[in-house]
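In case you want the letters, here they are:
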Amino acid sequence: MISIIVATGINSEIGAANRLLWRLPTDMKRFKDLTTGHTVIMGRKTFESLPNGALPNRTNVVITNNADYKAFNCEIYDNLDDALKAHAHEDEVFIIGGASIYRQTLEKAEKIYLTKVCETFEKADTFFPEISYNEWIKTDETTIPKDVKNIHHCVFQTFIKKK
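Summarised in this report is the structure supplied together with it.

**Things to note about the pairing of strand 7 (residues 111-117)**
- Judged by how many residues are buried, strand 7 sits mostly within the fold: 7 of 7 residues are covered.
- Pairing of strand 1 (residues 2-8) with strand 7 involves 6 bridges; the strand directions are parallel. Opposite Ile5, over in strand 7, you have Tyr113 as the bridge partner.

Structural data, given as structure tokens:
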């Protein structure tokens, strides 16, 4: 199964200057809990935005057009389709960004784990592609209130693609 995992603002914002727009420990825990033990596929810029390199306890796959690109503890592919084929035998593979990789995957994905951060972010320069919600069924929704550690109210949602 190909799953997308993403956090967006109200207007589908996902980043600015190759950085996340927020720090939400509850969302980071959800991300870690869902992706640990699985393959995570990302674009080069997303990989380079990770503060400590490859994510531990996951197979890290980086998509880049640079044939000479090297990244410690990562598999490198020059296109998304080859990466997906190489990991097609797995129960669930996670697409973790960025915008270009999300655009290429949205049609192929079977599940979306969405964190909707309930604010707008004017500095955003990177956006998640529009989801055609009539193609998806919401299977879960959990509201996470703003608190001392999580400075934004957010909602965790899970969608599966209609057959």
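Still more ground to cover, so stick around.
**Digging into the layout of surface pockets**
- By volume, the largest pocket amounts to about 1,400 Å³.
- If you trace the largest pocket, you find 46 residues lining it, with Leu20, Thr46, Ser49, Leu50 and Ile96 closest to the centre.
- At the level of secondary structure, the elements contributing two or more residues to the lining of the largest pocket comprise strand 1, strand 2 (13-15), helix 1 (25-35), helix 2 (44-49), strand 6 (93-97) and helix 4 (99-105).
- When residues of the lining of the largest pocket are assigned to their parent elements, the largest contribution, 6 residues, is made by helix 4.

**What about helix 1?**
- All buried positions along helix 1 are accounted for by Asp27, Arg30 and Thr35. Considered in projection along helix 1, the buried side chains sweep an arc of 110° and stay on one side of the axis. Looking at helix 1, the residues exposed on the side facing more than 90 degrees away from the buried face are Lys29 and Asp33.
- Those residues of helix 1 that are buried lie in contact with strand 1, strand 3 (39-43), strand 6, strand 7 and strand 10 (154-161).
- Looking one or two places after helix 1, you find Gly37, whose phi comes out positive at around 85°.

**A look at the packing of aromatic side chains**
- Evaluation of the coordinates by the stated rule reveals 4 aromatic pairs.
- The interplanar angle of 55° and the centroid separation of 4.9 Å between the aromatic rings of Trp22 and Phe121 together place this pair among those described as tilted. With Trp22 in the loop between strand 2 and helix 1 and Phe121 in the loop between strand 7 and strand 8 (126-127), this residue pair connects regions lying 99 residues apart in the sequence. Across this residue pair, the class does not change: Trp22 and Phe121 are buried.

**Things to note about the side chain of Thr105**
- Here Thr105 is to be found in helix 4.
- What Thr105 contacts, discounting residues up to four positions off in sequence, is Ile2, Ile4, Leu80 and Ile95.

**What about the sheet that holds strand 4 (residues 59-63)?**
- If you trace the 8 strands from one edge of the open sheet to the other, you get 5-4-3-6-1-7-10-9, paired in mixed fashion. In this open sheet, the two edge strands, each paired with only one partner strand, are strand 5 (74-77) and strand 9 (136-144). Adjacent strand axes in the sheet meet at a mean angle of 20°, parallel and antiparallel pairs treated alike.
- Sheet topology note: the strand 3/strand 4 ladder contains 5 bridges and is parallel. Residue pairing in the sheet places Ile41 in a bridge with Val61 of strand 4.

**A short note on the nonpolar core**
- Core analysis: the largest hydrophobic core is formed by 24 residues, its most contacted members being Ile4, Ile41, Ile95, Ile112 and Phe128.
- Of all the secondary-structure elements, those providing two or more residues to this core are strand 1, strand 4, helix 3 (80-86), strand 6, helix 4 and strand 7.
- For Phe128, the residues in contact, after removing those within four places along its chain, are Ile4, Val6, Thr8, Ser12, Ile14, Tyr102 and Leu106.

**Some points on the pairing of strand 1**
- Most of strand 1 sits out of view: 7 of its 7 residues are buried.
- Burial along strand 1 is two-sided: the residues Ile2, Ile4, Val6 and Thr8 and Ser3, Ile5 and Ala7 are all buried.
- Across 3 bridges, the pairing between strand 1 and strand 6 is parallel. Bridge pairing in strand 6 places Ser3 opposite Phe94.

Procedures and definitions
Residues numbered from 1 in each chain as written. Predicted model: local features only at pLDDT ≥ 70, side-chain atom pairs only at ≥ 80, totals over all residues. Heavy atoms only, no water. Buried < 20%, exposed > 50% of the residue type's maximum accessible area, 1.4 Å probe, protein only. Helix = DSSP H or I, 4+ residues; strand = E, 2+ residues; numbered from the N terminus. Pairing = 2+ DSSP bridges. 1 Å grid on protein atoms, 1.4 Å probe; cavity = no way out; pocket = protein on both sides within 12 Å on 5 of 7 lines; lining within 4 Å. Points joined across faces, edges and corners; volume = space filled by probe spheres on them. Arc of directions from axis to C-beta. Contact = heavy atoms within 4.5 Å. Phe/Tyr/Trp six-rings, centres within 6.5 Å; stacked < 30°, edge-to-face > 60°. Axes fitted to C-alpha atoms, helices over the stretch in contact; angles between N-to-C directions. Core = buried A, V, L, I, M, F, W, Y, C linked by side-chain atoms within 4.5 Å.

By themselves these figures say nothing about function.
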